[in-house]
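# Chains, contacts and geometry: an overview
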Amino acid sequence: KGENITAIQQIDSMYAVRQKVVEPGDKVVIYKNQNAAARDIKYMFAEYHRVDFLIYTYILFAILLVVLGKSKGVNTLISLSFTVGCILFVFIPAALNGGNIYSWTISTGIYIMVVPLVINNGASRKSLAAMIGCTAGVIMSGILTVMAIHACRLTGLTSEDAMYLLFLNNENPIDIRAIIFSSIIFGAVGAVMDVSMSIASSLSEIKEQAPDMSAKQLMSSGMVIGRDIMGTMADTLILAYIGSSLSVTLLIAAYNSSTPLLLFNSEMILVELLQAVAGSMGILM
């Protein structure tokens, strides 16, 4: 702070999209130059400092949650921190340290299914009903995923990142096929939990307003509500996965425009489609 230093920003003409040249007032991230052949250059430009905008956006999101949701909004923030913390500080270290990814996925999935529901809605019949529905859905997604991994002979090499993971620890390599299982289960838990609580909450409110309704009538109402949710939620899930892999899909389609069969048999595309259908099957259950 308060110092003037010199750093070099290297712009290479070989890239199709050139990086913006640094201007006065820009915030940047720099690092110490490790190249012994250029000792006169002390610092190098690494990236523009972009995270401020993201932090402000998350702060705005948290404020809106509390203002609009009141106590529920506060509970949502708490449950969200538990969910993210569990994945970042429990599941990821366990996977990197050679733990069984399948068992850690199941235990983490149960945790992020139970804790948010209890924090947000208390230990009630409504929460229990949502948990039962969510469990049924996630089990269906898990079974379908395991069957697909073996039936489609998936290797797990869906990207360069997977390749790096494979060679991260030569003595105890990470099971990259299990990573497919984890990504599908975590995605399914989020979607299925949303639908389960939506239906359970709707029926709980109906029962409170019309206490004379029988279990059969409630079940019938639940099926109607579920069918309405089903269509839009399945669309949401499939569009989310397509959106996340759109660049890869366009690239593969461009190079295989004359052979659609090759496109749909590509493991990268197949896994995205599998994630969408496994999550949708979970929602149906």
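Predicted model only: the values in this text are computed from it and were never measured.

## Side note on the side chain of Ser-127
Mapping Ser-127 onto the fold places it in helix H4 (residues 125-151). Look past the residues within four positions of Ser-127 in its chain and what remains in contact with it is Leu-117, Asn-121, Gly-122 and Met-197.

## Some remarks on the packing of helix H1 (residues 51-69) against helix H2 (residues 71-96)
Contact pair H1 / H2: the axes reach a minimum separation of 5 Å and the direction vectors enclose 140°. The orientation of H1 relative to H2 falls into the category oblique. Between H1 and H2, the contacting residues are Phe-61, Ala-62, Leu-65, Val-66 and Gly-69 on the first element and Ser-71, Lys-72, Gly-73, Val-74, Thr-76, Leu-77 and Leu-80 on the second. The residue makeup of the contact of H1 with H2, split by class, is seven nonpolar, four polar and one charged.

## Quick word on the packing of aromatic side chains
Two descriptors summarise a pair of aromatic rings, namely the distance from one centre to the other and the angle between the planes of the rings. Inspection of the entire model under this criterion finds three aromatic pairs. When the ring of Phe-45 is compared with that of Tyr-48, the centres are 5.3 Å apart and the planes differ by 75°; the resulting orientation is edge-to-face. Taking relative accessible area as the criterion, Tyr-48 reaches 14% and is therefore assigned buried.

## Things to note about the pattern of salt bridges
Where charged atoms of side chains with opposite charge meet at close range, the side chains can pair. Taken as a whole, this structure holds three salt bridges when the rule is applied. Here Asp-52 ties to Lys-27 by a salt bridge, and the two come within 3.0 Å at their closest N and O atoms. Taken together, the residues span a long stretch of sequence, with Asp-52 in helix H1 and Lys-27 in the loop between strand E1 (7-8) and strand E2 (28-32) at a distance of 25 residues. For Glu-47, the salt bridge is made with Arg-50, and the minimal N-O distance between the two is 2.6 Å.

## Some points on unusual backbone geometry
With a phi angle near 55°, Lys-70 is a residue other than glycine that sits in the positive phi range. Following the sequence through the fold, Lys-70 ends up in the loop between H1 and H2. Not every positive phi belongs to a glycine, and Arg-153 is a case in point at roughly 55°. Relative to the helices and strands, Arg-153 resides in the loop between H4 and helix H5 (160-166). Judged by relative accessible area, which is 69%, Arg-153 ranks as exposed.

## Some points on the pairing of strand E3 (residues 43-48)
Side-chain direction in a regular strand flips from residue to residue, so the side chains alternate between the two faces of the sheet. Pairing of E1 with E3, which is carried by two bridges, proceeds in the parallel orientation. Bridge pairing links Ala-7 to Tyr-43 in E3.

## Re H4
Between its terminal C-alpha atoms H4 stretches 39 Å, which fits the 39 Å expected from 27 residues at 1.5 Å a residue. Among the residues of H4, those classed as buried are Ser-127, Ala-130, Met-131, Cys-134, Gly-137, Val-138, Ser-141, Gly-142, Thr-145, Ala-148 and Ile-149. The secondary structure elements touched by the buried residues of H4 are helix H3 (101-121), helix H6 (176-209) and helix H10 (267-284). A positive phi of about 55° marks Arg-153, the residue just after H4.

## Examining the side chain of Thr-105
Mapped onto the elements of the fold, Thr-105 is located in helix H3. Looking at Thr-105, the relative accessible area reads 0%, which means it is buried. One polar contact links Thr-105 to Ser-182, side chain to side chain, over a distance of 2.6 Å. Beyond its immediate sequence surroundings of up to four residues, Thr-105 is in contact with Phe-91, Phe-181, Ser-182, Ile-185 and Phe-186.

## Remarks on the packing of H6 against H10
Direction vectors running N to C along H6 and H10 enclose 35°, while the axes themselves pass 9 Å from each other. The way H6 lies across H10 gives a crossing that is right-handed. Here Ile-180, Ser-183, Ile-184, Ala-188, Ala-191, Val-192 and Val-195 of H6 come into contact with H10, specifically with Glu-267, Val-271, Leu-274, Gln-275, Ala-278, Gly-279, Gly-282 and Ile-283. In terms of residue class, the contact of H6 with H10 is built from ten nonpolar, four polar and one charged.

## Considering the sheet that holds E2
An order of E1-E3-E2 is seen for the three strands of this open sheet, with the pairing classed as mixed. Pairing within the sheet leaves two strands with one partner each, and these edge strands are E1 and E2.

## Quick notes on the state of the cysteines
Inspection of every chain in the model, using the stated rule, returns zero disulfides. The thiol of Cys-86 is unpaired, and the distance to the nearest cysteine sulfur, on Cys-134, comes to 14 Å. Residue Cys-86 is classed as buried on the basis of its relative accessible area, which comes to 9%.

So, how was this worked out
- Residues numbered from 1 in each chain as written.
- Predicted model: local features only at pLDDT ≥ 70, side-chain atom pairs only at ≥ 80, totals over all residues.
- Heavy atoms only, no water.
- Helix = DSSP H or I, 4+ residues; strand = E, 2+ residues; numbered from the N terminus.
- Contact = heavy atoms within 4.5 Å.
- Axes fitted to C-alpha atoms, helices over the stretch in contact; angles between N-to-C directions.
- Parallel < 35°, antiparallel > 145°, perpendicular 65-115°, else oblique.
- Nonpolar A, V, L, I, M, F, W, Y, C, P; charged D, E, K, R; others polar.
- Phe/Tyr/Trp six-rings, centres within 6.5 Å; stacked < 30°, edge-to-face > 60°.
- Buried < 20%, exposed > 50% of the residue type's maximum accessible area, 1.4 Å probe, protein only.
- Salt bridge = Lys/Arg side-chain N within 4 Å of Asp/Glu carboxyl O.
- Pairing = 2+ DSSP bridges.
- Expected span 1.5 Å × (residues − 1).
- Polar contact = N/O pair within 3.5 Å; in protein donor to acceptor, adjacent residues only side chain to side chain.
- Left-handed = near helix turned anticlockwise from the far one by under 90°.
- Disulfide = S-S within 2.5 Å.

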